Amino acid sequence: MLKRPKITVVGSGGNVGAAVVQWCAQKELGDLVLIDLKPNVAQGRALDLAQGGAFAGFNASFTSTDDSSFMQDSDVVVITAGVPRKPGQTREELVGINAGIVKTVCENVKKYAPNCILILVSNPLDAMLTVAQKVTSFPRERVIGMSGVLDSSRFRSNIARALNVHIKDVSAIVLGAHTDKDMVPVVSTATVGGVPLNKLLSAEQIVDVVNRTKRGGAELTELIGTSAWVAPGFGVTAMVESIVLNQGRILPCSVELKGEYGISEGACLCVPVKLTNKGAEKVFEIDLSTEEKAALKAAHTAYLEVRKIALSSV
Ligand SMILES: NC(=O)c1ccc[n+]([C@@H]2O[C@H](COP(=O)([O-])OP(=O)(O)OC[C@H]3O[C@@H](n4cnc5c(N)ncnc54)[C@H](O)[C@@H]3O)[C@@H](O)[C@H]2O)c1
Ligand SMILES: O=C(O)C[C@H](O)C(=O)O
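Note that the coordinates shown come from a computational prediction; the quantities given were computed from them, not determined experimentally.

Side note on the site of ligand 2
At step 1: Near ligand 2 the following residues occur: R85, R91, N123, L150, H178, G217, L220, T221, S227, A228 and P232.
At step 2: Ranked by the residues each element gives to the shell around ligand 2, the list is headed by helix α7 (residues 216-224), at 3 residues.
At step 3: Considering only residue class, the shell around ligand 2 consists of 4 nonpolar, 5 polar and 2 charged.
At step 4: Formed jointly, the shell around ligand 2 draws a minimum of three residues from each of two domains, domain 1 (6-146) and domain 2 (148-313).

Here's what the structure looks like:
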């Protein structure tokens, strides 16, 4: 029998981790290991989910624990461990506390799952990727951040709502940093059913859609009182699925840049990548408008500031 993929989610007692586990279980993507500092909560989440299998039609295997050695030889490790922001906070304000958490988790990843593909979710996302790379020394294709999938999904949803069209027909991506200020919704390549976005919405409407997308996480945090987890869970699952099923989807993800887009400092920012069972197998450079290029440059500058704090905290 072929080996089933082993997928570990660290932080799975929390909202995003539990959502990732739920969607991965429903898609029967592999054997799931739930790790959290609060093992009872992770165990409760697993039990609740397993009991839903009868009606949802899945039969997933779960292990839940606070013992990091259970991630041994995982194919994919997802890190959602970390503090979420509260209303009024930025993601960047979480850097000190979450850098320490991500560092601890990554030390265990390096020890127990040295060949895994690592997906980072904890915020501030792009800087946490740098911490993970520093601790694990994994090559860039195996340290991938979930940001652009979620941000693009929000961009597509906002466009669909503005036009009252089906979201499936909206093709649009968000690059740059996963921050309220330095996300780069790429208007120049956005289309709906093949029709360019600027033929469908006025310049003013486009600005509204772009601003709403950039504030998507903040808006939800203000409404819920903590940050979102349903759409983030779907986003991570799309990435895990493309990796374990070797689908080769091209999705916007945060990875270390090595000269792409003129960025040569090893910065981690969101760009289109091909996700296969090798991880971020290929990084793509696309043509951007002058404004979008400038926004990506600004995202790089902002990232360097947060990275400095992240690295000084670990
Ligand atoms: N990249 C994204 O798009 C995105 C989307 C949503 C949330 N996030 C981030 O994901 C993180 C988690 O968000 P959440 O809403 O699930 O928070 P949460 O508080 O619900 O869950 C976090 C979980 O991490 C656990 N944890 C903390 N330290 C740990 C450690 N060392 N080892 C194991 N588990 C540990 C906690 O016990 C808790 O159960 C936050 O940093 C949030 O900002 C990122
Ligand atoms: O907004 C947040 O802090 C959580 C996450 O990054 C999101 O975009 O939903």
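Some remarks on the packing of helix α5 (residues 148-163) against helix α6 (residues 203-214)
Angle between the axes and distance between the axes are the two parameters that describe a pair of packed helices.
At step 1: In contact at an axis separation of 9 Å, α5 and α6 are set at 145° when each is read in the N-to-C sense. Pair α5 / α6 crosses with right-handed handedness. Residues D151, R154, F155, N158, I159 and A162 of α5 touch α6, and the partners they reach there are Q205, V209, R212 and T213.
At step 2: For the contact of α5 with α6, a count of residues per class yields 4 nonpolar, 3 polar and 3 charged.

As for the nonpolar core
The tendency in soluble globular proteins is for nonpolar side chains to be buried side by side.
At step 1: Judged by nonpolar contacts, the single largest core of 96 residues is most densely connected at L118, I119, M239 and V240.
At step 2: The residues that make up this core include at least three from each of domain 1 (6-146) and domain 2 (148-313).
At step 3: Excluding its chain neighbours within four sequence positions, the residues that come into contact with M239 are I119, I144, M146, V149, L251, C253 and L275.

Thoughts on α5
At step 1: Compared with the 22 Å implied by 1.5 Å per residue over 16 residues, the 22 Å span of α5 between its first and last C-alpha is a close match.
At step 2: Count one or two residues on from α5 and you reach N164, which has phi positive near 55°.

Some points on the site of ligand 1
At step 1: Lining the immediate surroundings of ligand 1 are 35 residues, of which G11, G14, A81, G82 and N123 lie closest.
At step 2: Taken together, the elements giving at least two residues each to the shell around ligand 1 come down to α1 (15-26) and α3 (95-112).
At step 3: At 4 residues, the largest contribution of residues to the shell around ligand 1 is made by α3.
At step 4: Its residues placed into classes, the shell around ligand 1 shows 17 nonpolar, 15 polar and 3 charged.
At step 5: When residues of the shell around ligand 1 are sorted by domain, at least three fall in each of domain 1 (6-146) and domain 2 (148-313).

Description of the UniProt feature "domain: Lactate/malate dehydrogenase N-terminal" (unreviewed entry) in the protein chain
At step 1: The sites that carry the UniProt feature "domain: Lactate/malate dehydrogenase N-terminal" (unreviewed entry) are, in the present numbering, residues 6-145.
At step 2: Helix makes up 43% of residues 6-145 and strand 18%, whereas the separation of the span's terminal C-alpha atoms amounts to 19 Å.

Details of the domain arrangement of the protein chain
At step 1: Entries for the protein chain in the domain assignment read domain 1 (6-146) and domain 2 (148-313).
At step 2: Taken together, the 43 residues of domain 1 in the interface contact 41 residues of domain 2.
At step 3: Mapped by element, the contributors of at least two residues to the side of domain 1 that touches domain 2 are α1, β4 (76-79), α3, β5 (117-120), α4 (125-136) and β6 (143-145).
At step 4: If you tally residues by element for the side of domain 1 that touches domain 2, the top one is α4, at 8 residues.
At step 5: Of the residues belonging to the side of domain 1 that touches domain 2, the class tally is 23 nonpolar, 9 polar and 11 charged.

Focus on unusual backbone geometry
At step 1: For the peptide bond that leads from N123 to P124, omega is 0°, which places it in the cis range.
At step 2: Relative to the helices and strands, P124 is located in the loop between β5 and α4.
At step 3: Its identity is not glycine, yet S137 carries a phi of approximately 60°, on the positive side.
At step 4: Mapped onto the fold, S137 is located in the loop between α4 and β6.
At step 5: Phi is positive for Y261, which is not a glycine, with a value near 60°.
At step 6: For Y261, the position within the fold is in the loop between β12 (249-256) and β13 (268-276).

Observations regarding the sheet that holds strand β10 (residues 191-192)
At step 1: Taken in spatial order, the 3 strands line up as β7-β10-β11 in an open sheet, and their pairing is antiparallel. Among the strands making up the open sheet, the edge pair consists of β7 (170-171) and β11 (195-196).
At step 2: Inspection of the sheet shows β10 paired to β11 by 2 bridges, in the antiparallel sense. In the sheet register, T191 faces β11, and the bridge partner there is P196.

Digging into the environment of T191
At step 1: Looking at the secondary structure, you find T191 in strand β10.
At step 2: For T191 and S171, which are 20 residues apart along the polypeptide, the C-alpha to C-alpha distance reads 5.3 Å.

Rules and cut-offs
- Residues numbered from 1 in each chain as written.
- Chains lettered and ligands numbered in written order.
- Predicted model: local features only at pLDDT ≥ 70, side-chain atom pairs only at ≥ 80, totals over all residues.
- Near = placed C-beta within 6 Å.
- Helix = DSSP H or I, 4+ residues; strand = E, 2+ residues; numbered from the N terminus.
- Nonpolar A, V, L, I, M, F, W, Y, C, P; charged D, E, K, R; others polar.
- Domains from an automatic or database assignment.
- Axes fitted to C-alpha atoms, helices over the stretch in contact; angles between N-to-C directions.
- Left-handed = near helix turned anticlockwise from the far one by under 90°.
- Contact = placed C-beta atoms within 7 Å.
- Core = buried A, V, L, I, M, F, W, Y, C linked by C-beta atoms within 7 Å.
- Buried ≥ 20, exposed ≤ 12 C-beta atoms within 10 Å, placed from the backbone.
- Expected span 1.5 Å × (residues − 1).
- UniProt positions renumbered as here; feature names shortened; annotations may be inferred.
- Pairing = 2+ DSSP bridges.

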